[in-house]
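Results of the structural survey
What follows is the residue order along each chain.
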Amino acid sequence: MTDDLEDGKFGRRALLEWVAASAALAGCARAPVRKIVPYVAQPPEVQPGRPLHYATAWEIDGYGMGLVVRSNTGRPTKIEGNPKHPASLGATRAVDQALVEMLWDPDREDHLRDAGGPVALAEFQQRLAKKRVAILMEPTSSRSVEGLVARVRREMPGSDVWFHSAMPRANVWRAAELATGAVVEPVLDFSGARVLVAFASDFLASGHDCVRNGRGLADRRATKDGARLYSVESRRTATGAFADERFAATGRVRARVACAIAAEILGKSASPAARGLADRLRTRAAGAGGAWAAACARDLEKAPRGTAAWIVGDDEPAGLHALAWLVNGALGSIGTVVRPVPSSVLEAGQPSHDLDAFVSRLARGDVDVAVICGTNPLYSTPNGALAAALPRAKETVYVGLRQNETSRACRWFVPLAHPLESWGDVRAYDGTASIVQPLIAPLYGGKSAHDVLAAMSDRPEQSGHDIVRAHWSPRGGASFDASWRKWLHDGVIGGTAFAPRPVTVKPD
């Protein structure tokens, strides 16, 4: 084994020796001693060896994913997709599967603490009561959270709430508003697609609707006429590997290739404004893409109207997203391959999603308590403005699962409830709502976003369960209890999907 390592190789024999050594060490380790308390009265639905399955959901960056979680004797052990949920269709992403590992993570913080150590909840609430609060939280689509945010702003003068994501969709929303006059999301429908061009978009393997996109494009490729996929990207992705034609290009070259393809399409438009734009785009393109871009443009033009479309990655500039709306409008694919729907994310495209506004508020020094819930902006933001502004608040609180860069800069740490430990509600990419139900009581007394917002608005007695039920009770009508049980059983609330919004894209 030593010879293999010195030669820079790690052969099969060396690997087996390492495995055997690891097993021997594990056998020598002493197992932790824990006292196991049996049931006084075993719940009738819990039978050893017989798992139970519960429908629930969770969200990343405000977009909900429906799940079916297996529970063995009261412990969540396995996650699958909910076949009834439009975003999962019975499948999951890798990050969804990691939820169980996140739940049992031994590095989770287990106490509410300040800089000196663990403290009682009552002392924490007393120290922070009736203060001017600035709250920064992860984006959400929860309509019950929307009510709590409105309550904080209404009942607590000088307080406000902002949202921050490490992977923001600000360019998507800004471009949609620029091109169509409304903050809409481009939802993809591949059922009739013939030609697709993706610009730095790994829509088959990442994002809030990648599971549905993968299923839809695979089904379309299995038909007789199929769908041809072009991909322009700087690094190889699952979408690029799946594409029929792939063009490797850096961001600057990628923008020029997009200009070249768009110039060919818009140059044949009946609109004088579109043709004038095409002339300017040819100048910007400077021949980028060459024969590849010309062939791509010909395929887009030859496809039957309404069957060809551009897809642009979230991180691309807003100008490229706006150009995609214009090209898709010229190809007639808006409403067919690209369906505009209102964003399910709370306050999408509004100033509350601007981290700079939160930093500016802290920098003014008129905030008593700064609360950062879930997100880790000191890690995900490129500049030090937040680090400089955070100490201007009199008290700083971090609510999270574990210690990180942001929590270490705050005085207080409050354990955050895991998605499998808390009540809530989320909406999918198309607006379909789901109830988030816990499968286990909070292991470390964690607090959800509902609990944090309720506590800040001087109503800590309201539980997440009560807040969610109160918000959705009007929809259930007289038979709310029956509707509530059905929503929990199915994992979706029927009839909540958004209707597509007709939009008009103007070349000017």
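Preceding block: the structure.
Calculation criteria
Residues numbered from 1 in each chain as written. Predicted model: local features only at pLDDT ≥ 70, side-chain atom pairs only at ≥ 80, totals over all residues. Heavy atoms only, no water. Salt bridge = Lys/Arg side-chain N within 4 Å of Asp/Glu carboxyl O. Helix = DSSP H or I, 4+ residues; strand = E, 2+ residues; numbered from the N terminus. Buried < 20%, exposed > 50% of the residue type's maximum accessible area, 1.4 Å probe, protein only. Arc of directions from axis to C-beta. Contact = heavy atoms within 4.5 Å. Polar contact = N/O pair within 3.5 Å; in protein donor to acceptor, adjacent residues only side chain to side chain. Expected span 1.5 Å × (residues − 1). Core = buried A, V, L, I, M, F, W, Y, C linked by side-chain atoms within 4.5 Å. Pairing = 2+ DSSP bridges. Axes fitted to C-alpha atoms, helices over the stretch in contact; angles between N-to-C directions.

What follows deals with the pattern of salt bridges. By the definition in use, this model includes 32 salt bridges. The closest approach of N and O atoms between Asp368 and Arg132, which form a salt bridge, is 3.2 Å. Separated by 236 residues along the polypeptide, Asp368 in the loop between α13 (355–363) and β14 (369–373) and Arg132 in the loop between α4 (121–128) and β6 (133–137) bring together distant segments of the chain. On the basis of relative accessible area, Arg132 is assigned to the partly exposed category, the value being 32%. Across the salt bridge formed by Asp368 and Lys394, the nearest N and O atoms sit 3.3 Å from each other. A residue pair is termed long-range when its members are at least 10 positions apart, and Asp368 in the loop between α13 and β14 and Lys394 in the loop between α15 (385–389) and β15 (395–400) qualify at 26 residues. Judged by its relative accessible area of 11%, Asp368 is buried. Under the relative-accessibility criterion, Lys394 is labelled exposed at 62%. Beyond isolated ion pairs, a larger network of salt bridges with shared partners links Lys84, Lys486 and Asp490.

It is worth spelling out α13 at this point. Those residues of α13 that fall on the buried side of the exposure criterion are Leu355, Phe358, Val359, Arg361 and Leu362. End-on view of α13: buried residues confined to an arc of 160 degrees, all on one side of the axis. Each element contacted by the buried residues of α13 is listed here: β6, β7 (160–163), β14 and α15. You can read the cap of α13 off the contacts: a side-chain oxygen lies 3.0 Å from the backbone nitrogen of Asp356, and it is on Asp354. After α13 finishes, the residue Gly365 shows a positive phi value of roughly 80 degrees.

This paragraph deals with helix α10 (residues 272–285). For an α-helix, 3.6 residues make a turn, and residues three or four places apart therefore share a direction. Here α10 is 14 residues long and its end C-alpha atoms lie 20 Å apart, about the 20 Å a rise of 1.5 Å per residue gives. Of all the residues in α10, the buried ones are Ala274, Leu277, Ala278, Leu281 and Ala285. Along the axis of α10, the buried residues cluster in a sector spanning 110 degrees; they form a single face. Turned more than 90 degrees off the buried face of α10, the exposed positions are Pro272, Arg280 and Thr283. Where α10 is buried, its residues contact α9 (251–266) and α12 (318–331). Positioned one or two residues after α10, Ala286 has a phi angle of 55 degrees, which is positive.

Before going further, it helps to examine the nonpolar core. Leu196, Phe199, Phe203, Ile261, Leu300, Trp310 and Leu323 are the most contacted members of the largest nonpolar core, which has 58 residues in total. Top element by residues in this core is α9. It accounts for nine residues. Once you skip the residues sitting within four places of it in the chain, Trp310 turns out to touch Val197, Phe199, Ala258, Ile261, Ala262, Leu300, Leu320, Leu323, Ala324, Val327, Asn328 and Val338. Leu128, Phe163, Val452 and Leu453 belong to the second largest nonpolar core, which has 29 residues in total.

Sheet strands pair by backbone hydrogen bonding; their relative direction is either parallel or antiparallel. Pairing within the open sheet is parallel, and its four strands lie in the order β11-β10-β9-β12. What marks the edges here is a single partner per strand, and that holds for β11 (245–248) and β12 (308–312). Within this sheet the neighbouring strands show an average axis-to-axis angle of 15 degrees, counted without direction. Judged from the five bridges that link them, strand β9 (residues 195–199) and β12 form a sheet pairing that is parallel. When the bridges of β12 are listed, Val195 appears paired with Ala308.

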